[in-house]
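Next come the chains, spelled out residue by residue.
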Amino acid sequence: MLILRNITKHFGSVVANERVNIEVEPGTIHAIVGENGAGKSTAMRIAYGFYEADSGEILLDGEVQQITTPHDAIARGVGMVHQHFMLVGTMTVAENIVLGAEPGSVLSLDLTEAAAEIRKLSAEFRLSVDPHAIVENLSVGQQQRVELLKALYRHARLLILDEPTAVLTPQEVDEFFAILRSMREQGKTVIIITHKLSEVLAISDQVTVMRDGRVVGRLETSETSAAELARLMVGREVLLRVEKPDSKPGATELKVKNLSVMTADGGKRVDNASFEVRRGEIVGIAGVEGNGQTELIEALAGLTEPAQLSGEIWFEDRDITRQAARSRRELGIAHIPEDRHRRGLLLDFDLAENSILGVHYRKPVVTYPGDIVLDYDAIQQRARRIISDFDVRPPDTELPARSLSGGNQQKLIIGRELDLKPRLLLVSQPTRGVDIGAIEFIHRNLVAMRDAGCAVLLVSAELEEVTSLSDRLLVIHEGRIVGEVDPKVATIEEIGLLMTRGH
Amino acid sequence: MKLLHELVFPFIAVLAAFIIGAVLILIVGDNPIEAYRLLFGSALSWPDGIGYTLFYATPLIFTGLAVLVAFRCGLLNIGAEGQLYIAAFAVAWVGITFANLSAWILVPLCFIAAIVGGGVWGAIPGALKARFGSHEVINTIMLNFVAIALVSYFTQYHYKTPGDPILQTVPIGSGAEIARLGKFIPGLPDRIPLNVAFIVALVACVLVYFFLWRTKWGYEIRATGNNPSAAEYGGISIRKQIVLAMVVSGALAGLVGINEVMGYRYRFYDGFSANYGFTGIAVALLGRNHPVGVLLSALFFGMLLRGGIFVDAFTDNVTKDLVDVLQGIVILFVAAEALFRGPFGKFGLLKRPKV
Amino acid sequence: MTELFTIALIWSTVRLATPLILAALGGMFSERSGVINIALEGKMLAGAFTAAAITYAADAKFGLGVLSPWLGLLAGIGAGLIVAAIYAVVCIRFKADQVVSGMAINILMIGVPGFLSGAFFQSSGSTPQIPREHLIPWTPIVIAFSLVVITWYVLYRTPFGLRLRSVGENPGAADAAGVNVARLRYSGVLLAGALAGIAGAYLSIGQSSLFTRNMTAGRGFIALAALIFGKWRPVQTMLACLLFGFTEAVSIQMQGVVKLPSGEDIPVQFIQMVPYVLTIIVLAGFIGQSRPPQALGRPYQKER
């Protein structure tokens, strides 16, 4: 049905897909699994014409096709349901479904005919939804049905579904799988992108595994196991075992009690989490990305609106749940954010100015009169110290942060935060997009902080990184802390299963 | 070297605008070289040309700085026009109400009136954005019209000399008048309205530079404009910065009132502003949102305003509207440059802070 | 007497609302597609000047007589289109800041008519008088009010309208559904140019008989306010335009002062403020929710 041949795609200097080959047989359900950032979505968006590949070919029914816009893909019977739904919230279900493929003439949009057609499809594929409802009033599950109907309405023979179950409850997932099976029975081909191994085993006929932009395996689902898939997905060679002495944990620094973080629409991103971090230990949080890690760390750093929080956060013997980010920093909490471009840096400011973010208002950075004026000598001194201590290259305090490589940007942030001599360090994805040399350097510094008595909470999507750095390892799944393992004895497979299945 | 680099693009934009302007002049049947010679010649002659050029540049320095400060916080202040009207009226009000005070008290009082008047009128859209998230562009446009109507009402009904056919207030007390620079500069006749406000404008350039780049408050404003998420991470309250930036911006626009009321007409004259607020956007953009650039580009636009009058008078067909045409084209080109080098993304204008 | 007065007021309201309706409906096409239209003022000026100039020239130079205003109207539309095309290319193709380029267009269009009239009519910023029999005082009114219905139909009952709205709300979704985002936005902005051109033409060859310097006097911004006040919907926007037209009519008819039944005066300036203050209040969410198209003001960039 669909063949991707030697697809390569770069975004700037980032390689998203490297000579990807995927073959999907007609009338089957094909799963594509991999960690976040493995390149699954990119490959499929290329197949749908949303991106254009740098090189490689797309074949449909054995023929090479020029698919450069979604329009081309739709015309050839390919439909895609994106992870973030591509729906116009203020319009009706029927309007969304017909958009771009309107029935009737140029002068009149025949929504009655469309509604009838939609009802027919709904019945055929058991996708009940009211054509006249306004989309933003529907539940996520119903919105997903609208997306499926949109593809079916355009006579899609091949449906690409990007993480379709991420937004569904377990009951909805069962129902959804029943719908997929009925589609297969009616001769449709389905590609499902997921990182949940249980789902791969439950629904697919074949499975392609991706890692770091490459295909690392293609298997018959009936002949494989969750353990094998987990190993393929996350199991690269252990290169970076961190040598570190055993921890000597001291008093409790951070205590989280029944913490929940709500989204604006009432969903829970962190669900009743309780744990402690002590002085002199690194507590890791492992989990598939998007399971509440970001929200958890931001809540601890004071970046969440208090109205969205419930539960308590204690630092030493203070309740800091309602304190602003600035006062938490003043207490001795530092934060290495997961997204250095969005949170961590002022990209057009120079290194010196970046080195004072968060302490820009207090001594020794400001000076008389009235501690208002920035003391550029002190700032330069501080910046030079961080740059030399953390080996930021090139060591020029007047360069804009934008001009540094990812690894050096990250070293600058880590230097800035560690220079605060924090008593609690919140670390998120410390080595993402960082070269090997810098990774080692960063790891050594985190361990050194621990040994100096700092409490470290570490979140990383790199399973191997959290297991080798942490003294204790918590696993998070759908916002809940689902278990604690000893990273010295647990295997990658065990942790991987806990991460993906959540029990 | 760095400065030179910064000057390259504005220079190209201006050059391009002049070339298009030349084509237009040819179309209407005049000689562009002659027109431009008149333009610059009359703007740079001593003392009238230079005196008037600097006089016209004065309000533009203030509004250019006003737009710059908001810009650095990721906000577009289209409301300088309204802010300067409110401020100018406030100056006149103080100058009239306390007309008998001595200059030592009245002048500072009038300065404060200008700053407070403009600052308050700038604070309104700032607070509306911080509190309700409503777009500062629309609100500042609307507030311009409200301000213009408001000061016109007060002028007409409360502060006009009865029977005066012109819509203007009674004169301010002589203690509120500031000196013309002719007093200090030999060869510069007193009839040229260039006054102490120009010195205030130069000082304002220095102060704005100091405020934005040398104080913690300026750092917080610039951080918010550069990357609101990172600012928030660094413990900076975005809402507070939005209000602060708009207050400072409004206060700077308000200083136009000093030039107009205390240094030029000695009264509030309804509808005095020749779109100073809007030209301020052009000044700031062309000046690459830096005080030095603002100063240079305000002088450039001041030159156009001065020279435009002479081109109008001494060519057959070209009118002083040439100035508006050139100005519009310059902004379009500078905006079009933005897309190549992305200073808008840089100043956070396109990724407006979500509050 | 009172009745006569009332009828005059209603008639005046309709006349004054007409350019607002035309411009606001134009703005609606543009903003519904996701492009802010702060440049309505400039497009109206372009339309007003060109219509007056061509109407005058067609008669005086080519003797076209009663045909001349129609030629003028077409020319006004053409001028609106040309200005809109410049704006569209800068905003859509080059992804420039829509507000800044809109302001640039406005400043440019204060200058261009004055510049050209100075050259062709030897006057600073106005065109010669056009004889009364060569004006079109009625047609634009009919066009404006029928356009309300047409706009409603186009927006809500045609595939084009559906696509236009989707592009303004969620260009990513529209793109994924195979809709050409840029093409739709160009259409929206160009339609705005054409309608603002008619609005301007009405000012110079309908309501009055010549173009004068800056004759729109902020009507482009009032139209923008009406669009926001009318929540980006045709009928509500028309009502907002009528309301704003009414405030203007009142302030003209009352010659400065409105007497309240209680005998107190309301100065005209306060009546003039009404549209602007209402818009600010609506934007802050005090009177119902006025939700702009979600993607308004944002150039479309594929996410990655």
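Student: An account of the overall build of chain C is requested, with residue identities and associated values reported.
Tutor: When its secondary structure is counted, chain C shows 11 helices and two strands. Ordered by position in the sequence, the α and β elements of chain C form the string α-α-α-α-α-α-α-α-α-α-β-β-α. Reported as C-alpha extents along the three principal axes, the dimensions of chain C are approximately 65 × 55 × 35 Å. Residue burial in chain C is summarised as follows: out of 304 residues, 60% are buried. The long-range share in chain C, meaning contacts at least 24 apart out of those at least 6 apart in sequence, stands at 77%.

Student: So what's going on with the overall build of chain A? Residues and values would help.
Tutor: Each helix and strand in chain A was counted, giving 17 helices and 22 strands. Over its C-alpha trace chain A gives a radius of gyration of 25 Å, about what one expects of a compact globule, namely 23 Å for 503 residues. The C-alpha extent of chain A, read off along each of the three principal axes, is 75 × 50 × 45 Å. Per-residue burial for chain A yields a buried fraction of 48% across its 503 residues. Contacts in chain A between residues at least 24 apart in sequence constitute 68% of all its contacts with a sequence separation of at least 6.

Student: With reference to specific residues and values, describe the interface of chain C and chain B.
Tutor: In this complex, chain C contributes 38 residues to the contact, which on the side of chain B involves 44 residues. For the side of chain C that touches chain B, the secondary structure elements donating two or more residues are helix 4 (98–121), helix 9 (219–229) and helix 11 (268–283) of chain C. Per-element accounting of the side of chain C that touches chain B gives the leading share, 15 residues, to helix 4 of chain C. Broken down by class, the residue content of the side of chain C that touches chain B amounts to 25 nonpolar, 11 polar and two charged.

Student: Can you break down the pairing of strand 10 (residues 214–220) of chain A residue by residue, with the values?
Tutor: All names here are of chain A. Taken together, the six bridges between strand 9 (residues 206–211) and strand 10 define a ladder with antiparallel strand orientation. Across the sheet, Val 207 pairs through a bridge with Leu 219, a residue of strand 10. Two successive antiparallel strands, strand 9 and strand 10, enclose a turn made up of two residues, where Asp 212 displays a positive phi of approximately 50°.

Student: Let's hear about the interface of chain C and chain A: which residues, and what values?
Tutor: Taken together, the contact pairs 18 residues of chain C with 19 residues of chain A. Here the element with the most residues in the side of chain C that touches chain A is helix 6 (residues 159–169) of chain C; it accounts for six residues. Counted by class, the side of chain C that touches chain A contains seven nonpolar, five polar and six charged residues.

Student: Describe helix 4 (residues 80–97) of chain B, listing the residues and the values that go with them.
Tutor: Side chains of residues three or four places apart in an α-helix project in the same direction, reflecting 3.6 residues per turn. Taking 1.5 Å as the rise per residue, helix 4 of chain B with 18 residues should run 26 Å; its terminal C-alpha atoms sit 25 Å apart, in good agreement. Burial analysis of helix 4 of chain B places 16 of its 18 residues in the buried class, which makes it a mostly covered element.

Student: How would you summarise the sheet that holds strand 5 (residues 63–65) of chain A if you had to cite specific residues and measurements?
Tutor: Residues and elements named next belong to chain A. Here we have four strands laid out as an open sheet, ordered 2-1-4-5, and antiparallel in their pairing. Edge strands, defined here as strands with exactly one partner in the open sheet, are strand 2 (14–24) and strand 5. Within this sheet the neighbouring strands show an average axis-to-axis angle of 30°, counted without direction. The pairing of strand 4 (residues 55–60) with strand 5 spans three bridges and is classified as antiparallel. Counted as the bridge partner of Leu 59 is Val 64 from strand 5.

Student: Explain unusual backbone geometry residue by residue, including any values.
Tutor: Cis geometry is adopted by the peptide bond preceding Pro 364 of chain A, which originates at Lys 363 of chain A and carries an omega value of 5°. Looking at where Pro 364 of chain A falls in the secondary structure, it is placed in the loop between helix 12 (351–354) and strand 17 (366–367). Note the cis peptide between Trp 46 of chain B and Pro 47 of chain B, where omega equals 0°. For Pro 47 of chain B, the position within the fold is in the loop between helix 2 (32–44) and helix 3 (48–72). Positive phi, close to 55°, is recorded for Asn 289 of chain B, a residue that is not glycine. In this fold, Asn 289 of chain B is placed in the loop between helix 12 (276–286) and helix 13 (291–314).

Student: Describe the nonpolar core, listing the residues and the values that go with them.
Tutor: If you look at the biggest cluster of nonpolar residues, it comprises 220 residues, and the most contacted ones within it are Ile 61, Leu 65, Val 91 and Ile 331 of chain B together with Ala 226 of chain C. It is helix 3 of chain B that provides the largest number of residues to this core, a total of 15 residues. Once you skip the residues sitting within four places of it in the chain, Val 91 of chain B turns out to touch Cys 110, Ala 113, Ala 114, Gly 257, Ile 258, Val 261 and Met 262 of chain B. Counting residues in each nonpolar core, the second largest holds 84 residues, with Ala 38, Val 78, Leu 87 and Met 233 of chain A among its members.

Student: Which residues make up helix 13 (residues 376–389) of chain A, and what are the values?
Tutor: All names here are of chain A. When the terminal C-alpha atoms of helix 13 are compared, their 19 Å separation across 14 residues agrees well with the 20 Å that a helix rising 1.5 Å per residue should span. Along helix 13, the residues classified as buried are Ile 379, Arg 382, Ala 383, Ile 386 and Ile 387. Relative to the axis of helix 13, the buried residues are bounded by an arc of 130° and lie together on one face. For helix 13, the exposed residues lying more than 90 degrees away from the buried face are Asp 377 and Ser 388. Where the residues of helix 13 are buried, they touch helix 12, strand 18 (373–374) and helix 14 (406–418). Of the residues trailing helix 13, Asp 391 is marked for its positive phi of about 55°.

Student: How would you explain the sheet that holds strand 19 (residues 424–428) of chain A if you had to name every residue and give the values?
Tutor: Residue and element names in this part refer to chain A. A sheet is described by the order of its strands in space; here six strands give the open sequence 16-19-20-13-21-22, paired in mixed fashion. Here the strands that pair on one side only, and so sit at the sheet edges, are strand 16 (333–336) and strand 22 (480–485). For this sheet, the mean angle separating the axes of adjacent strands, direction not counted, is 20°. Running at roughly 150° to strand 19, helix 9 (residues 293–301) makes contact with strand 13 (282–286), strand 16, strand 19, strand 20 (455–459) and strand 21 (472–477) of the sheet. Sheet strands touched by helix 14: strand 16 and strand 19. Its angle to strand 16, the strand with the most contacts, is close to 175°.

Student: Quick rundown of the packing of helix 2 of chain B against helix 13 of chain B? Include the residues and the values.
Tutor: All names here are of chain B. Where helix 2 contacts helix 13, the two axes come as close as 7 Å, and the packing angle between them is 125°. It follows from the interaxial angle that helix 2 and helix 13 lie oblique. Of the two elements, helix 2 crosses helix 13, and the hand of that crossing is right-handed. The residues of helix 13 that touch helix 2, namely those facing Ala 35, Leu 38, Leu 39, Phe 40, Ser 42 and Ala 43, are Met 303, Arg 306, Gly 307, Gly 308, Phe 310, Val 311 and Phe 314. When grouped by side-chain class, the residues that make up the contact of helix 2 with helix 13 number nine nonpolar, three polar and one charged.

Student: Let's hear about the environment of Val 318 of chain B: which residues, and what values?
Tutor: When you line up the elements, Val 318 of chain B lands in the loop between helix 13 and helix 14 (321–341). Given 27 C-beta atoms within a 10 Å radius, Val 318 of chain B is considered buried. As for Val 318 of chain B and Pro 32 of chain B, which are separated by 286 residues in sequence, their C-alpha atoms are 9.5 Å apart. Sequence-distant contacts of Val 318 of chain B, defined by excluding residues within four places in its chain, comprise Ile 25, Val 28, Asp 30, Ala 35, Val 311 and Asp 312 of chain B together with Gly 118 of chain C.

Student: Which residues make up the environment of Leu 161 of chain A, and what values go with them?
Tutor: Residue and element names in this part refer to chain A. Checked against the element boundaries, Leu 161 lands in strand 7 (residues 158–162). The buried category is assigned to Leu 161, around which 26 C-beta atoms lie within 10 Å. The residues touching Leu 161, leaving out its near neighbours within four places in the chain, are Val 81, Val 190, Ile 191, Ile 192 and Ile 193.

Student: So what's going on with the packing of helix 3 of chain B against helix 13 of chain B? Residues and values would help.
Tutor: All names here are of chain B. Relative to each other, helix 3 and helix 13 sit at 135°, their axes nearing to 7 Å. With respect to helix 13, the element helix 3 is oriented oblique. The crossing of helix 3 and helix 13 is right-handed. Residues Gly 49, Tyr 52, Thr 53, Leu 54, Tyr 56, Ala 57, Leu 60, Ile 61, Gly 64, Leu 65 and Leu 68 of helix 3 touch helix 13, and the partners they reach there are Pro 291, Val 294, Leu 295, Ser 297, Ala 298, Leu 299, Phe 301, Gly 302, Met 303, Leu 305 and Arg 306. A per-class count over the contact of helix 3 with helix 13 returns 16 nonpolar, five polar and one charged.

Here is what the cut-offs are and how they apply
Residues numbered from 1 in each chain as written. Chains lettered and ligands numbered in written order. Predicted model: local features only at pLDDT ≥ 70, side-chain atom pairs only at ≥ 80, totals over all residues. Helix = DSSP H or I, 4+ residues; strand = E, 2+ residues; numbered from the N terminus. Buried ≥ 20, exposed ≤ 12 C-beta atoms within 10 Å, placed from the backbone. Contact = placed C-beta atoms within 7 Å. Rg over C-alpha atoms; globule rule 2.2 N^0.38 Å. Nonpolar A, V, L, I, M, F, W, Y, C, P; charged D, E, K, R; others polar. Pairing = 2+ DSSP bridges. Expected span 1.5 Å × (residues − 1). Axes fitted to C-alpha atoms, helices over the stretch in contact; angles between N-to-C directions. Core = buried A, V, L, I, M, F, W, Y, C linked by C-beta atoms within 7 Å. Arc of directions from axis to C-beta. Parallel < 35°, antiparallel > 145°, perpendicular 65-115°, else oblique. Left-handed = near helix turned anticlockwise from the far one by under 90°.

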